[in-house]
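Below, each chain spelled out in residue letters.
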Amino acid sequence: MKVKEGKPQKPLKVTTVHGIDIRPEQLIEQQKTDQTLKKYWELAENPVENGKAQFFVKNEILYRKYIGKHDGEGIIQLVVPESLREKVVSLADDTLLSGHRGYTKTLNRVSQEFYWPGINNFVLRYVSSCGLCQKVLLGRHHWVHYQ
Ligand SMILES: [Zn+2]
């Protein structure tokens with residue numbers, strides 16, 4: 001497939017957040033004004049080479065690249081501003097095939113594409129307050145218990 005010359009029409013990875021209904025410009029604005037993300041903008045400007053997580057900016061949008069243990073490839077995560085975090089988690093929890101499977105599944109799903117400081121705790125808190133997730137967790141607990 002040949003890529004056409006000129007301005008790339010292909011949307012960024014931001015398409016992944018179309019469910020949370022935000023335009024790239026809004027996302028950029030919120031990323032830039034979010035105090036909790038300040039240090040990541042700085043890290044993107046001065047990348048740390050040996051870190052397993054690196055931050056970078058593409059088309060003005062801030063991303064994190066996480067290099068896993070197994071493959072050198074790593075995953076690219078969109079850095080989510082505070083204002084959108086709840087939406088991101090609830091979407092991941094609610095609308096995906098693996099919905100309401102509790103903390104680990106939800107965290108795995110979210111962190112495949114997104115990152116923000118304190119994401120683990122955030123997801124944990126979210127899941128703890130999600131009635132459906134609690135049901136699933138209880139069910140699983142019994143299952144494990146009686147094995
Ligand atoms: Zn849930």
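Below: a short report on this structure. (Residues numbered from 1 in each chain as written. Predicted model: local features only at pLDDT ≥ 70, side-chain atom pairs only at ≥ 80, totals over all residues.)

1. Re the nonpolar core
The criterion, for reference: What makes a nonpolar core is a set of buried Ala, Val, Leu, Ile, Met, Phe, Trp, Tyr and Cys residues, with links drawn between C-beta atoms within 7 Å. Exposure classification rests on a simple neighbour count of other C-beta atoms within 10 Å of a residue's own: a residue reaching 20 or more is buried, one at 12 or fewer is exposed, and one in between is partly exposed. C-beta atoms are placed from the backbone. Helix numbering and strand numbering both begin at the N terminus, where a helix is a DSSP run of H or I of at least 4 residues and a strand a DSSP run of E of at least 2. The contact rule is simple: place each C-beta atom from the backbone, and if two of them lie within 7 Å, those residues are in contact.
Among the nonpolar cores identified, the biggest contains 21 residues, and Leu62, Val79, Val80, Val88, Val89, Val110 and Phe114 are the most heavily contacted of them. At the level of elements, strand S2 (61–66), strand S3 (75–79), helix H3 (82–95), strand S4 (114–115) and helix H5 (119–128) are the ones that each hand at least two residues to this core. Element by element, the count of residues in this core is highest for H3, at four residues. Ignoring sequence-local partners within four residues, the contact set of Val79 consists of Gln31, Leu37, Tyr40, Leu62, Tyr63, Arg64, Tyr115 and Trp116.

2. Here's the deal with the sheet that holds S2
Stated precisely, the cut-off is as follows: By definition, two strands form a pair when at least two bridges between them are found by DSSP.
Ordered in space as S1-S2-S3-S4, the four strands form an open sheet in which the pairing is mixed. Only two strands of the sheet have a single partner each, and these edge strands are strand S1 (53–58) and S4.

3. Quick notes on the pairing of S2
By the bridge criterion, six bridges tie S1 to S2 in an arrangement that is antiparallel. Following the sheet pairing, Phe56 is matched in S2 by Tyr63. As defined by bridge partners, S2 adjoins S3 across four bridges and the pair is classed as antiparallel. Within S3, the residue paired with Arg64 across the bridge is Gln77.

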